[in-house]
Structures are given as C-alpha cells and as structure tokens.
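Chain by chain, the residues run as shown.
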Amino acid sequence: MKKIINDPHDVVPEMVDGMTRSYPQYIEKIEGTEAVVRSDKESMKGKVGIVSGGGSGHEPTHAGYVGKGMLSAAVCGQIFTSPTPDQIYAAIKAVNQGQGVFLVVKNYSGDVMNFDMAKDLASMDDIPVKEIVVDDDIAVENSTYTQGRRGVAGTIFMHKILGAAAQQGASLDEIDELAHKVLPNIKTIAVALSAATNPEVGKPGFVLKEDEIEYGVGIHSEPGYRREKIKPSKALVEELVGKLNDEMKLDSNKKYACLVNGMGATPLMEQYVFANDVLNKLEEFNIKPSFMKVGNYMTSIDMAGISLTLFEIKDDKWLDYLNYPVETIGW
Amino acid sequence: MKKIINDPHDVVPEMVDGMTRSYPQYIEKIEGTEAVVRSDKESMKGKVGIVSGGGSGHEPTHAGYVGKGMLSAAVCGQIFTSPTPDQIYAAIKAVNQGQGVFLVVKNYSGDVMNFDMAKDLASMDDIPVKEIVVDDDIAVENSTYTQGRRGVAGTIFMHKILGAAAQQGASLDEIDELAHKVLPNIKTIAVALSAATNPEVGKPGFVLKEDEIEYGVGIHSEPGYRREKIKPSKALVEELVGKLNDEMKLDSNKKYACLVNGMGATPLMEQYVFANDVLNKLEEFNIKPSFMKVGNYMTSIDMAGISLTLFEIKDDKWLDYLNYPVETIGW
Amino acid sequence: MTLTVDTLTVWMNKFADKIETNKQYLSDLDTPIGDGDHGFNMDRGMKAVEEKLSTKPSDLTNGLKTIAMALISTVGGASGPLYGTAFLEMAKKSSSTDNIGELLDAALAGIEKRGGAKPGDKTMVDVWSALVPSVKAGNLTKDKIRSAVDATKDMVAKKGRASYLGERSKGHIDPGSESSGYLFETLLETEGLL
Amino acid sequence: MTLTVDTLTVWMNKFADKIETNKQYLSDLDTPIGDGDHGFNMDRGMKAVEEKLSTKPSDLTNGLKTIAMALISTVGGASGPLYGTAFLEMAKKSSSTDNIGELLDAALAGIEKRGGAKPGDKTMVDVWSALVPSVKAGNLTKDKIRSAVDATKDMVAKKGRASYLGERSKGHIDPGSESSGYLFETLLETEGLL
Ligand SMILES: Nc1ncnc2c1ncn2[C@@H]1O[C@H](COP(=O)(O)OP(=O)(O)O)[C@@H](O)[C@H]1O
Ligand SMILES: Nc1ncnc2c1ncn2[C@@H]1O[C@H](COP(=O)(O)OP(=O)(O)O)[C@@H](O)[C@H]1O
Ligand SMILES: [Mg+2]
Ligand SMILES: [Mg+2]
Ligand SMILES: [Mg+2]
Ligand SMILES: [Mg+2]
C-alpha cells in the first residue's frame, strides 16, 4: 500500500480538516465531530435541513456536496464505516431551523441503523426528522426479505434535487414526498478494474488479474455479479446499459439524466471515452440525456472503475432542481 | 495495461467527443479538428480570445477550462504530444473577434514550436496574436541556454486570470502585460508514487518500487530529481514546501494562492490529507492562503501523485480574477 | 448467574483483549463477504469501552450504559448500533434484574429489533439466539459457542453487507457471529459469573 | 545529386517503412530521456506522408510541400514542426535548385531556426549538421550516419524534453537523431539519388 497519508487511523480527521480548511467559504466542522456544516448560515435560515453522510472514502461525497442549494450538513464516518448516531445527531441539531431535518441515507445495515438511532435521539428533542434510504445499485437482486439494494453514485442526484427543493423553501413533508417519488427512478451499475485499498486494512478488498474486470461491484469493494476479461469501453457500455435497460425499460419518449462516475483512480480520459460510448448507445434508443455529468463524484478510495447512473426525469421540475445553482466543493 | 478505452489510437477523438457531447452547454468541437471552443458565442463578442492547448492526458486540462470567463478555445493534441499548427490556427480563427488572440503555451519544445508556427499562420491573416510560455515547474534548473523549466499545474492559474481579464474586456496588450507580470509568481513542484501509462505506449513511463516515490517528476512522466522511500504526507509536504520556499522566499506579509493537484489516480482522500499538512506547514510561515483549490486539475493520465503550486498574489486584482465566476467543466 | 459491575468489568476487559488479538482475523472474515473492517471496528469500540470502564462506574446500570454509549459512539458500521443496542437494553433491564440470562434476553431482543434479522439470516442473531438459552439453562460450553458460530458458515446471508452476495455468501463464517462468539467465550471465562 | 519527385517518393516510402519497423525502438529511446512517443509520432506522420504521396504530386516543389504539410499537421510534438519545417524549407528552395545538398542545407537551416538548437545540444541538429556536409561532399556512408547518431549518446541535452534531465540525459541516444539517421540511411539506399 503506497498512499499519501500519515497514520492510517488519522486519515478521516485529517481529511475533514483538509476539506474544511481548504474551503472555508463552503463548509466548517461541527465542534467535536467529524461532521461538516455549511459556512453560509444565512442560506439555511427558515429552510428544512438536508443531512447526509456515511462511511468516508467516497470523496467528494458527502462533505463536498455541503453548501448553499445542496446539503446542509454531512457526517463523515470512519473509512467505509457508517458514522455513529451521536455525530449524526450533532449534524441534525446543527442544521435544524425549526422546519425539520431530512436525512439521505444509503442502504447499508450500518447506515440505516445508525441514522435510525440518531432519529430516535432527535425525536427526544422534538426535532421532526424524516428520511430516504437510497438503493440505486441494480447489481444486487431486490427483495423485501433481505437487506435489498445498495446505495451508490445515484445518491448524488438525490442530494442535488432535495437540496434545491429545500433551498427554494419546500417543507419537510414536501421533501419527503419528492424524495420517495424520485427514488425509484434512479438506477446505477458499476464495473471495476481494481478494488479499493482501505488504508486501515492495508490491502485491496479483492484482487483482479491483470486482464480481468468485475461487473456490479459496490463502492466498498463488495463483490459484483461477474468477472471476465477486460473488454473495450464499447462492450462495457453494452453490458451496463443493457442491465439498466432490463431494469428501467429505456424509452425515447422519456427524459433521463446520466452520470458517468469515476471510482477514484480512473482518469477522466477514460471516463470521457466511456461517456462517449454511453451517448452512442443511448442514441440507439433515440435517447439524448437531458442532463449529464462525468467525473469523480462517488468514489471508492482508489478503486479503478466506473459506474453509470440513469435517472428517469418524470417531472420537469426535477430537471430544474438538477440545474439549480449550488455553492459546493464537489458538484 | 488495463484501461477503459477502445482502440488506443482513438482515445483522443473519442475523449473529445465525450467531453463536448456531455457538456454541450459549455463547449463544442471545431469542425475537422480536435479543438474545442465555447458554445456560448455571445460571451466572446468583442473580447480578446484566450487559447490554450497541448498534449492530451491532462484532463480536465485544457478543454475543461473552456467557457465563459476562462478559455475561449483549447486544442487537444495526441496524448502527451503537442497539437499541430493547423489545429491551433483553427482555434485562433474560431475565437478571433477582431480584438486579437492570446495563447497560453506550456514550455515544451513541441508546444512552443507548434504554437509559434500557428502564430505565423495567423499573422499571415493579420490576426494579432501574442503569447505566454508558462514554466512554473521548479524541479528543473533554470537556464537561458537550455529549454528551461516545464509548464505544469500552475498553468491553470494563468488560464483563470487571463480568462477573467479578457471576459472583463482587457485588451490584447493588457492581457500580454498581465500574463508576463503574473508568470514569475507561479511555482509548482510534484511528487509521484507511480508513473502514467500512455495508452498508445502501453507501459508506464517509469517504474517505482512498491515503497518508492520520486520528487520533481513532470506531467509526462519526465523523471524527477530524487527517489526515496515513501514518507508520511507531512514529510512530503516538508520537502515540497521547502523547495518552494527556496525559490519564492515565503513571507507572511505576502498573499498566496495554493493549488493541491492530484495527478489522476490519487484519491481526493489523500489530496485532502496532504492539503491539511500543507496548511499546517504554511502556518509555520504565518501564511494562510488567500485562495485554495484541491483536486484533479492538471493530471497525468493515471499517474499517482500530487503537485503543489504556490502563486504569490502581488496585486489584489489577481485575487478578484481567481474568484471571478466561470462556466466550465473543470474549474 | 448474577452480573455485577465488577464481573462486568472483568468480562469486558477479557472481551477487549480477545478482540484485539483477533482483530485482523475478524477483518479477514469480513473481507470475502463484507468490507473487511469488522475487527478494526470492534477493536476501536472495545478500546473505548476499556478506557471508559477504567473510571469505575458506580453501579451495574451505569456500567452497562457506559459500555453502550462507548460502542454506539465509536464503532459505527452495522456492529456499532447492534452491540450498542444490546448493552443499552441490558442497562434498561438492569433496573429490575441482575440475572445475566434475563439481561442477555433483553439484549437479544434489542439486536433483533434494531437490525430486523431473524435466526438463519447469517448474522450475529444466530449466535445470540443459540447461546442465550444455554446461558439461562446454565449449560453454556466452548463447544456450543464454536458450533453456533460455525453454523453461520453454510447459511445464505439475508441481512447486512453479506446479503448482497446472495448464494455466494455461503461457505464463510459471519464475522459478527465470530465476535459475538468471543463475547460468550469471555463470559464463560469470567470467574464467578455463570 | 538531383532530387526529382520520383526519387523523393521512393526515398519517403523507404523512410516510412524504416520508421514503421523501428517505431517501438524509437519510442523506447524516447522513454528514459523523453516521453516515449517519438516512434509513434513519426509513424503517424510518415503514414500520412505515404498516403498523400500516393496521389502523385505534379512536381518536386509540390511533393516537398505535400510532405511538409502532412508532417506538420499529423506529427505534433517537437519532431512535427522540425521535420515539417525541414521539408517546407526544401520546398521553398526547390524553386531555385534541385540539388539534394543545397536542399538539405536549407532544411538544416530551417530546423536550427525553428528549434534554436545548436550542434552539441543532443538533438537531431547533431545528425543533420554532421551529415549534410557529407552529402554535399558525396561521401555519405552508413558508418558516418551511425557514428553521427551514436555521438549524441554522450552529450548532455540542452534542448527538448531530454534537457530537463540535465547530466542524466547522458548515456542515451537522442531519439530524434536516430530517426534522422534513418532519413539519411534511406537517402543512401534510394537508387539514383546520391
Ligand atoms: N441487520 C442486521 N442484524 C443483525 N446483525 C447484523 C445486521 N447487519 C449486519 N449485522 C452483523 O454485523 C456484522 C458486520 O459488522 P461490521 O463489519 O462491523 O459493519 P459493516 O458491515 O457496516 O462494515 C455482520 O457480520 C453481522 O453479524
Ligand atoms: N529545440 C529542438 N531543436 C531540435 N530538435 C529538437 C528540439 N527539441 C526536440 N528536438 C528533437 O525532437 C525529438 C523528440 O521528438 P518527439 O518525441 O516526437 O517530440 P516530444 O518531445 O514533443 O515528445 C528529440 O529527440 C530531439 O531530437
Ligand atoms: Mg464497514
Ligand atoms: Mg510527446
Ligand atoms: Mg464490515
Ligand atoms: Mg517524445
């Protein structure tokens, strides 16, 4: 493991300090926590607070999306480990303006349980809290009997939309309704060329051969659904768009937002080549995305790979929310 | 070599298509070239055009900085290879509004010669063209008898400042004067953990041992000035800030902008840890940067490593230029 | 069968030691079917527990609450709220009883409620639900613990990170079950408790 | 000693073949002291030259101009403008002479002007400045070419990417000198030219 860090145990606090000190115009640390809150307090006045968070290692997620028009606060857990309820609760208190607080949680047992406990703490303080559990990763079979699907890169669309709605004055109930309407339309699938190395673990989550890739991996190096030999970008797109189409039934009469997301060690060069192939493939469906982003938005430390998110925009207002201006590090 | 690409020879055109098609609101391709120009033509009216470019592989540089308030056009050469004069000339023509065109060139013989030839072509068309050759990399000894220093990450400060000045109506002569005043104040130094693999070459530019790093590498895997065992981030900062201080004589009475730049495969997590150590080290000099950026701004394909740029802000107007709003993919 | 603040402290210190010794192993168990951090998570938590307990809580309820809060606020992940809830429920229950069996009953109920897992889902619930009755019956043994833990090996995970693997989660011991096994082993090793 | 559009075409096709055969070697030479692309750059350019020449330019001046434009617009990097300028200057000169020596003189002057390098700076100028006089004197040989190229090995680079290495550029043949060597070798191999 060769990394630009100090003591592996200090990565999270040092990283959070690095972020807040480099961008004091957007974020600041909540005293005694590894959570960050908007510096622009004025922008939160009278608005519902939007709080997200999760394990660290997905930078710029989540702290990079805190700022006017997007998240109110983000809670940074240990690497690949859900933050604890006390920290989430501190973030809820820091953003609450009497309008209530909405939590954006990714569907991992740890996150769900810790955010739930924080919600319990908040309810003891009479702070109204609602939440959405994002589960956009279609690599995993869905089932009500199991944990269900993971929350991955599509989560940033949720952050963006709810952040814009809250900034424009939506109530807690309206945000809750919006979140639940949006959720089933966001779908993501990934392909990895190499796994992430958690600095505290010191070795990669799995090892692929020099010519091997794996479809369907998660953002914590959770194994995917198939390994095979590396293929050209076009063929990867064929597989991933195929999976999304199976799930969403792509339709030229519908509108879509598209996110090509680098996992941390994949250069933009490759992401743009891949994006070009995605656009070609979507053209075969007579689809031209109404909104598109390409870059490192929900990373997995130093994993090499890409995820592809499609989001069916059922309501033009959602598109306005996506285009609404924000003041953040990472969007 | 495991990369998400198709034919290695097609990387540049496919990448440029991926960029322009993903972000049509900012950039479009100049017909018959691999150069891109602002989509917002209105924003260029009556202004001096700012054109940059160079070899590809440094994404989001250069095309990612094309847009209102920053570059007018960017010319994308083959990977790590200067673009050709005809393409540069096409970009000059595409942005010329009768106010002349200013070229931002990085100091490599190839870039300098190709941009010079393009200037010759433009002068035959009576388009006034001036240029700045950026040479911010202090890893290389300076000398008038040799090629001199390389242009690296600090170049994006030049893009930003000149772009803001041009957008606000500065004349070609004013931009030329500004560029030459700014240039000697931008200094950069890098450290690499691994070299870039040019997809057309298929193997890395150099190979470091599992526990080795190299100081002073260039953005095309040009060798640096020293190899040694990997050290904690704090120690790397000690070395790099030390070099910059030798060169610039850091002074608490002066203002600085700071850029922590990831080389392509280094996760933001590490960049923020490093940035935190940079801020600590600068604090020892009683310096708090007036402007700071952390992220992948001038990459070297999939190199792992970081460069650190300090820019002494001699004139408060320069800070305004840095903060001036832009509409680009990458800033 | 009575838990006191002193036996609780001895138990927890033993558990902390066992976790520290086996943290790499627990994380290794968490690698093929999870994210490879269970040992580090538990070790971080139990170090915090040890530190807090060193300030000698006044009574059993305070001791259990201290443990719960330390786990909840330092472990994170899935195991943090689960172990945390377990001790929190024991703390609540301790106002009416100091019987270890009854306390563990409350703990198990808390874990089941918090995580929604049932026996057979390949989680720590499998170990707890197999062993709490043995504690109550006064016949907990090392062998029973081992087989409760090993039983998770052939299960298909339905909850937690391992569930994303579906059928492929088979053939691996559940890391949270292994660490729970340590909790029961150290309970057994704590003199004057069972 | 007279260059015609036909001998020019033969020469260029031979040069293109030689570049193609050795493109990896040229890029390998460019790796320790450059950026590892010289062979690919030249190959891309000479493929374009071959293609353009296949449309049979009408006369020598057009032929040289075609080559220059093909190189300038496809090679990029440092070698593109340098080789391009060389042929552009030959094209200009060809309106007054078709003597290969005089043409190469003009080419060398163009390279020196474009790149600002002098003999001893470890660039293609070293090969050109050593061999153009031999062409003019009618005594160019393979050996002379080889030793002109090899002479760059112990030089310290003052121009181009290799210059960033300072003293460490010693001990490596300059890639642009090697490719220039091929240009002179194929000139020698072109029947009826020298
Ligand atoms: N819903 C659940 N109910 C009960 N136990 C669970 C549940 N989810 C996970 N676990 C337990 O937690 C363990 C994983 O803990 P840990 O690795 O620390 O957290 P994370 O999965 O967040 O990284 C699993 O081995 C399993 O025993
Ligand atoms: N200023 C210069 N004058 C003459 N020749 C030069 C100069 N700069 C570079 N060269 C030649 O160009 C060669 C490198 O070409 P190439 O690798 O294609 O370009 P780049 O260095 O841009 O990658 C060097 O080996 C050297 O012979
Ligand atoms: Mg975890
Ligand atoms: Mg090159
Ligand atoms: Mg885990
Ligand atoms: Mg080269």
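About the cut-offs
Residues numbered from 1 in each chain as written. Chains lettered and ligands numbered in written order. Predicted model: local features only at pLDDT ≥ 70, side-chain atom pairs only at ≥ 80, totals over all residues. Heavy atoms only, no water. Contact = heavy atoms within 4.5 Å. Buried area = accessible area lost by both parts, 1.4 Å probe. Salt bridge = Lys/Arg side-chain N within 4 Å of Asp/Glu carboxyl O. Polar contact = N/O pair within 3.5 Å; in protein donor to acceptor, adjacent residues only side chain to side chain. Helix = DSSP H or I, 4+ residues; strand = E, 2+ residues; numbered from the N terminus. Core = buried A, V, L, I, M, F, W, Y, C linked by side-chain atoms within 4.5 Å. Buried < 20%, exposed > 50% of the residue type's maximum accessible area, 1.4 Å probe, protein only. Least-squares fit on C-alpha atoms with pLDDT ≥ 70 in both. Donors = N, O, S within 2.8 Å, 3.2 Å for Na, K, Ca; no water. Phe/Tyr/Trp six-rings, centres within 6.5 Å; stacked < 30°, edge-to-face > 60°. Near = heavy atom within 4 Å. Areas by Shrake-Rupley, 256 points an atom, 1.4 Å probe, with all protein chains shown as cover. Nonpolar A, V, L, I, M, F, W, Y, C, P; charged D, E, K, R; others polar. UniProt positions renumbered as here; feature names shortened; annotations may be inferred. Pairing = 2+ DSSP bridges.

Quick look at the interface of chain A and chain B
Here comes step 1: Facing 57 residues of chain A, the contacting portion of chain B comprises 57 residues.
Here comes step 2: When chain A packs against chain B, close to 4700 Å² is buried across both sides, 59% of that on carbon and sulfur atoms.
Here comes step 3: When the area that chain A buries against chain B is broken down by residue, the three leading residues are Lys 2, Ile 4 and Met 269 of chain A, summing to 21%.
Here comes step 4: For the pair chain A and chain B, the number of links is six salt bridges.
Here comes step 5: Taking the shortest distance from any N to any O, the salt bridge between Glu 14 of chain A and Lys 234 of chain B comes out at 4.0 Å.
Here comes step 6: Viewed at the interface, chain B and chain A are joined by 26 residue pairs in polar contact (both at pLDDT 80 or more).
Here comes step 7: Counting only elements with at least two residues in the side of chain A that touches chain B, the list comes to α1 (11-22), α6 (233-248), α7 (268-284), β11 (291-295) and β12 (304-313) of chain A.

Focus: the nonpolar core
Here comes step 1: Of all hydrophobic cores here, the largest spans 207 residues; its most connected members are Leu 162 of chain A together with Leu 162 of chain B.
Here comes step 2: Those residues in contact with Leu 162 of chain B that sit more than four places away from it in its chain are Ile 50, Phe 102, Val 104, Ile 132, Ile 175, Leu 178 and Ala 179 of chain B.

Looking at the relation of the copies chain A and chain B
Here comes step 1: Superposing chain A onto chain B requires a rotation of 180° together with a translation of 0.0 Å along the rotation axis, leaving an RMSD of 0.0 Å. In symmetry terms, the pair is related by a two-fold rotation axis. Minimal C-alpha separation from the rotation axis in chain A is found for Ala 265 of chain A, amounting to 1.9 Å.

Some details on the coordination of the magnesium ion (ligand 5)
All names here are of chain C.
Here comes step 1: Within the protein, the atoms that donate to the magnesium ion (ligand 5) are Asp 30 (OD), Asp 35 (OD) and Asp 37 (OD), at distances of 2.1 to 2.2 Å.
Here comes step 2: Taken in chain order, the donor set of the magnesium ion (ligand 5) reads D-x4-D-x1-D.
Here comes step 3: Separating the magnesium ion (ligand 5) from the magnesium ion (ligand 3) is a distance of 3.5 Å, and Asp 35 supplies a donor atom to each of them. Per residue, the accessibility class of Asp 35 equals that of Asp 37, and both read buried.

Looking at the side chain of Thr 266 of chain B
Residues and elements named next belong to chain B.
Here comes step 1: With respect to the element layout, Thr 266 can be found in the loop between β10 (255-262) and α7 (268-284).
Here comes step 2: A distance of 2.7 Å separates a polar atom in the side chain of Thr 266 from the backbone nitrogen of Gly 305.
Here comes step 3: Leave out the neighbours within four places in its chain, and Thr 266 touches Gln 271, Asn 296, Met 303, Ala 304, Gly 305 and Ile 306.

As for the packing of aromatic side chains
Here the distance between the centres and the angle between the planes together describe a pair of aromatic rings.
Here comes step 1: This model, assessed by the stated rule, comprises 20 aromatic pairs over all chains.
Here comes step 2: Ring centres of Tyr 108 of chain B and Tyr 164 of chain D lie 6.0 Å apart, and the angle between their planes is 85°; on these two criteria the pair is classed as edge-to-face. A residue pair is termed interchain when its members come from two chains, as with Tyr 108 of chain B in the loop between β5 (101-106) and α3 (109-124) and Tyr 164 of chain D in the loop between α8 (142-150) and α9 (175-189). Of the two residues, Tyr 108 of chain B and Tyr 164 of chain D, both sit in the buried class.
Here comes step 3: Seen in terms of ring centroids, Phe 15 of chain D and Tyr 83 of chain D are 6.3 Å apart; in terms of plane orientation they differ by 45°. Their pairing is tilted. One end of the pair, Phe 15 of chain D, is in helix α1 (residues 5-21); the other, Tyr 83 of chain D, is in helix α5 (residues 79-93), and 68 residues separate them in sequence.
Here comes step 4: Through a chain of ring-to-ring contacts, the aromatic side chains of Phe 157, Phe 291, Phe 311, Trp 318 and Trp 331 of chain A assemble into a single cluster.

Re the environment of Gly 76 of chain D
Here comes step 1: For Gly 76 of chain D, the location among the structural elements is in the loop between α4 (60-74) and α5.
Here comes step 2: Counting along the chain gives 37 residues from Gly 76 of chain D to Lys 113 of chain D, while the straight-line C-alpha distance between them is 18 Å.

What about the coordination of the magnesium ion (ligand 4)?
Here comes step 1: Donor atoms from the polypeptide that coordinate the magnesium ion (ligand 4) comprise Phe 80 of chain B (O), Asp 35 of chain D (OD) and Asp 37 of chain D (OD), at 2.0 to 2.5 Å from the metal.
Here comes step 2: Between the magnesium ion (ligand 4) and the magnesium ion (ligand 6) the interatomic distance amounts to 3.5 Å, and Asp 35 of chain D serves as a bridging ligand to the pair. With Phe 80 of chain B in the loop between β4 (73-79) and α2 (85-95) and Asp 37 of chain D in the loop between α2 (23-33) and α3 (38-53), this residue pair bridges two chains.
Here comes step 3: Under the relative-accessibility criterion, Phe 80 of chain B is labelled buried at 3%.
Here comes step 4: Judged by its relative accessible area of 5%, Asp 37 of chain D falls in the buried class.

A word on the site of ligand 1
Here comes step 1: Inspection of the region around ligand 1 gives 21 residues, with Asp 35, Asn 41, Ser 79, Asp 174 and Gly 176 of chain C positioned closest.
Here comes step 2: Near ligand 1, the surrounding residues are drawn from chains A and C.
Here comes step 3: A distance of 2.9 Å is found between an oxygen atom of ligand 1 and a side-chain nitrogen or oxygen belonging to Asn 41 of chain C.
Here comes step 4: Protein contact buries 97% of the 560 Å² of open area that ligand 1 shows by itself.
Here comes step 5: Elements represented by at least two residues in the shell around ligand 1 include exactly α3 (38-53), α5 (79-93) and α9 (175-189) of chain C.
Here comes step 6: Among the elements that make up the shell around ligand 1, the one with the highest residue count is α9 of chain C (three residues).
Here comes step 7: Considered class by class, the residues forming the shell around ligand 1 number five nonpolar, 10 polar and six charged.

A few points about the UniProt feature "domain: DhaL" (unreviewed entry) in chain C
Here comes step 1: In the UniProt entry, the feature "domain: DhaL" (unreviewed entry) is given for residues 6-189 of chain C.
Here comes step 2: Structurally, residues 6-189 of chain C comprises 69% helix and 0% strand, and the distance from its first C-alpha atom to its last is 14 Å.

A look at the pairing of strand β8 (residues 212-215) of chain A
Residue and element names in this part refer to chain A.
Here comes step 1: A two-sided burial pattern is seen for β8, the buried positions comprising Glu 212 and Glu 214 on one face and Ile 213 and Tyr 215 on the other.
Here comes step 2: In this structure, strand β7 (residues 186-194) lies alongside β8, joined through two bridges in antiparallel fashion. Residue Val 191 lies in a different strand from β8, and its bridge partner there is Tyr 215.
Here comes step 3: Where β8 and strand β9 (residues 226-229) come together, four bridges link them in antiparallel fashion.

A closer look at the arrangement of the chains
Here comes step 1: Taking contact number as the criterion, the leading pair out of three pairs of chains in contact is chains A and B.
Here comes step 2: Across all C-alpha pairs, the smallest distance from chain A to chain D is 18 Å, and the two are not in contact.
Here comes step 3: Across the gap from chain C to chain D, with no contact made, the nearest C-alpha atoms are 39 Å apart.

Some thoughts on the side chain of Gln 87 of chain B
Here comes step 1: Mapped onto the secondary structure, Gln 87 of chain B falls in helix α2.
Here comes step 2: Those residues in contact with Gln 87 of chain B that lie beyond four places of it in its chain are Gly 32, Thr 33, Glu 34, Ala 35 and Val 75 of chain B.

A look at the interface of chain A and chain C
Interface size is often expressed as the accessible area that is lost when the parts come together.
Here comes step 1: Taken together, the contact between chain A and chain C spans 34 residues of the former and 30 residues of the latter.
Here comes step 2: Taken over both partners, the interface formed by chain A and chain C buries close to 2400 Å², and the fraction arising from carbon and sulfur atoms is 55%.
Here comes step 3: On the surface where chain A and chain C come into contact, there are three salt bridges.
Here comes step 4: Between Asp 120 of chain A and Arg 114 of chain C there is a salt bridge whose closest N-O contact spans 3.5 Å.
Here comes step 5: Linking chain A with chain C are 12 residue pairs in polar contact (both at pLDDT 80 or more), by the criterion used here.
Here comes step 6: Elements represented by at least two residues in the side of chain A that touches chain C include exactly β4 (73-79), α2 (85-95) and α3 (109-124) of chain A.
Here comes step 7: With seven residues, the single largest contributor to the side of chain A that touches chain C is α3 of chain A.
Here comes step 8: Looking at the side of chain A that touches chain C residue by residue, the classes come out as 12 nonpolar, 14 polar and eight charged.

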